[in-house]
Amino acid sequence: MNLVLDTGSSNTAVVSSLCQQCSFVQKPYLPLDDPNLSNTLNAVNVSYGNTKLRSTWRGFSTDQWVTLDDNTSSLVRIDAITENQSFFIPRCSENQGIWGLAYPSLQTQPLENQQQKKKTTLFDSLRQEKGIPNAFTIQICPKSLVDTGFGQEFNFLRQVVTARNHTQIMVENECNSSSRRQGHLWLGGYPSQSVGSEIVWVRLVHQRYYQVHIDRFLVNNQDVGMEKLNLPRTIVDTGTKDIVLSTENLQKLLNALWKAKLVQFDASVSEDHERSFWFDHAQLTLPRSSITIAHNLSLKIAFDEPTGQHKQVSIPIENILNIKPFEAMKGWVNISWTGFSPNDHPMASTILGNTLLRGKTVIFDRDSRIGFTDAPSSSCCQPSSGHDVNILLSLDDRQTQTSQKSLALSNILLSTTIIPHLLLALFISTLFL
């Protein structure tokens, strides 16, 4: 089944045969064919999102046998979804569920039996059964490789206007063929070939969410001047598309990007239109010749460390722009910024979603830290398995060169206790929100 990998939650749940308004979701479904079955199961109600964007599902907690590649099995909790609101959507019909990769304390418990013994999460069951380290790695391939049309426009607009030749702009190693991948998940460690730059290790300040502490945002190494970034918390969440900030902090960031001239417009574009582009989130339709994207601008996040030093992680500039050809007029494009969302709820967190993570290999060493490194374009789109993992993260925080304990996810099978002979293949043709 295709599961969203979500480091912001801990429940693993899949679409069931009793799911209402789920006919557009591609099969297979977890079978719950007995109408009376729901009376014997524990009801679960889970919600995601913030005050502006929310999705929910209802279902039941079930016990499922997870059979590994060496034929060992473990009984784990898999929730069966029977109702949803905006969790499954028609434009993403391949999504059949979610794999929550946060810590067990975040797991939502059944409503009818809050006192029951908490079952181990899917990830913890797999690592305990296989004896692998308490770590996993998620790699999301760069936007320009996944969307080659965008990649061509982005690279073209970064050139000096007088040197542009649209026919010569090519995007290699694209991820758009059926045999290629748009991302990977490895358990226990990571392949050395997935590391495209020096790993920047950032400490975890709390282990419920993947909580980190930001010191500042930097545009061209200048402090943007945001306030209260970590109140109540800052989390790294693969289940969130954008970087989510308070409206005040988002306005400061957009103002810094505007003043740094990330997107340069020629004299045909008025200042009012330019301001509307940044502060009203307007999409502009313009000739390519009137737009230039700064090729040397940097956008970074500086994280606090106990030593007083700051660890800096870059945000790929391509992740904060949308560029598409305007089909009605040759040589014109639609352009807007993307990748940031406001949230003014008093208890809203700063969320570091896929705007930061796309184009990176992110190593979740769950005992203490998260590592960030660039995803190499030469290998990111290639098929991979657990057998490629040659660096495991051990419990004493040292790295071990090995490839014997990693898990090949294409060989993990879910077999249900309700219909024991049904096997549901779990594979990493992963969807990222």
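Residues numbered from 1 in each chain as written. Predicted model: local features only at pLDDT ≥ 70, side-chain atom pairs only at ≥ 80, totals over all residues. Heavy atoms only, no water.

J.: Which parts of the structure should I look at to understand the pattern of salt bridges?
T.: Between side chains of opposite charge, a pair can form when the charged atoms approach closely. Within this structure, the stated rule accounts for 9 salt bridges. The salt bridge involving Asp124 is made with Arg366; its shortest N-O contact spans 3.1 Å. Note that Asp124 is positioned in helix H1 (residues 122-130) and Arg366 in the loop between strand S26 (360-365) and strand S27 (369-374), a separation of 242 residues in sequence. Neither residue differs from the other here; Asp124 and Arg366 are each classed as buried. Its salt-bridge partner being Arg216, residue Asp215 comes within 2.4 Å of it at the nearest N-O pair. Residue Asp215 is classed as partly exposed on the basis of its relative accessible area of 25%. In this structure Arg216 comes out as partly exposed when scored by relative accessible area, which is 29%. (Salt bridge = Lys/Arg side-chain N within 4 Å of Asp/Glu carboxyl O. Helix = DSSP H or I, 4+ residues; strand = E, 2+ residues; numbered from the N terminus. Buried < 20%, exposed > 50% of the residue type's maximum accessible area, 1.4 Å probe, protein only.)

J.: Can you walk me through the state of the cysteines in this structure?
T.: What we call a disulfide is simply a covalent bond connecting the sulfur atoms of a pair of cysteines. One pass over the structure, following the stated rule, counts 2 disulfides. Each sulfur of the disulfide joining Cys19 and Cys22 lies 1.9 Å from the other. On the basis of relative accessibility, which here comes to 3%, the residue Cys22 falls in the buried class. One disulfide in the model links Cys141 with Cys380; its S-S distance is 2.2 Å. (Disulfide = S-S within 2.5 Å.)

J.: Where do I start with the nonpolar core in this structure?
T.: Generally speaking, soluble globular proteins have nonpolar side chains that are buried together. Judged by nonpolar contacts, the single largest core of 94 residues is most densely connected at Phe217 and Leu253. With 6 residues, helix H4 (residues 247-259) is the largest single contributor of residues to this core. Apart from the residues within four sequence positions on either side, Phe217 is in contact with Gln222, Asp223, Val224, Met226, Leu229, Ile243, Leu245, Leu253, Lys300, Ile301 and Ile315. In terms of nonpolar packing, the next biggest core, distinct from the first, is built from 7 residues, Ile199, Trp201, Ile391 and Leu393 among them. (Core = buried A, V, L, I, M, F, W, Y, C linked by side-chain atoms within 4.5 Å. Contact = heavy atoms within 4.5 Å.)

J.: Help me out: how do you make sense of the environment of Ala294 in this one?
T.: With respect to the element layout, Ala294 can be found in the loop between strand S19 (291-293) and strand S20 (299-304). For Ala294, a relative accessible area of 9% gives the class buried. Sequence separation between Ala294 and Gln159 is 135 residues; the distance between their C-alpha atoms is 8.6 Å.

That is the geometry; function is a separate question.
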